[in-house]
Amino acid sequence: MAAMQEKRCCVLEYAKCSSVTSVQRAFLRKYGKSGPDHQSILRWFRQFRGTGLLCKGRPRVSEEIVERVRQSFVRCPQQSTVRASLQLGIPQKTAWNVLRRRLHFKPYSLQLLQHLTPGDYARLFDFCTRMQQAVEDDDDLAGALIFSYEATIYV
């Protein structure tokens, strides 16, 4: 497989002279090895002419689009990626990928399952002070505590 610099050299040379043989000769002079085959040079040139890229895949999302997506979600964090994509004029998948991969935003919806009452705060404070006092009185208590995170999940 040719290196990117070698591909670039071949495409530029072919754009100048439109001759595969001339490209192979120039490649031999520059790199001291035989040039790529006829089909490879033509494929690289067609790919570059069609997409503007020498590498396979899609072009990267521009920094300007990333910034527009970021600003959109800073203004309205609750909006969906579908709505943002319609407003910004980009595909929904692109908006999603920018949020996840480039901006490292993570979707979640806050669910409050247990409502705290004013009396709960006093009980929590009382429990914390009693536990703090118990740990200060007994040095081995902290090692004997067992914490358990149990939950029932319904789908």
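Shown above is the structure to which this text applies.
All figures in this text were calculated on a predicted structure; none of them were measured in a lab. (Residues numbered from 1 in each chain as written. Predicted model: local features only at pLDDT ≥ 70, side-chain atom pairs only at ≥ 80, totals over all residues. Heavy atoms only, no water.)

S.K.: What am I meant to see in the overall build of the protein here?
M.R.: Looking only at helices and strands, one finds eight helices and zero strands in the protein. Going from the N terminus to the C terminus, the protein shows its helices and strands as α-α-α-α-α-α-α-α. Buried residues in the protein amount to 23% of all 155 residues. Total accessible area on the protein stands at roughly 12800 Å², and carbon and sulfur atoms take up 56% of it. (Helix = DSSP H or I, 4+ residues; strand = E, 2+ residues; numbered from the N terminus. Buried < 20%, exposed > 50% of the residue type's maximum accessible area, 1.4 Å probe, protein only. Areas by Shrake-Rupley, 256 points an atom, 1.4 Å probe, with all protein chains shown as cover.)

S.K.: What exactly am I supposed to notice about unusual backbone geometry here?
M.R.: Of note in the backbone geometry, Ser-18 takes a positive phi value of approximately 55° without being a glycine. In this structure Ser-18 comes out as exposed when scored by relative accessible area, which is 52%. With phi around 60°, His-104 is a residue other than glycine that occupies positive phi space. Within the fold, His-104 resides in the loop between helix H6 (92-102) and helix H7 (118-137).

S.K.: Can you walk me through the side chain of Gln-79 in this structure?
M.R.: Relative to the elements of secondary structure, Gln-79 occurs in the loop between helix H4 (63-75) and helix H5 (81-88). Excluding anything up to four places from it in sequence, Gln-79 contacts Ser-72, Phe-73, Ala-84 and Gln-87. (Contact = heavy atoms within 4.5 Å.)

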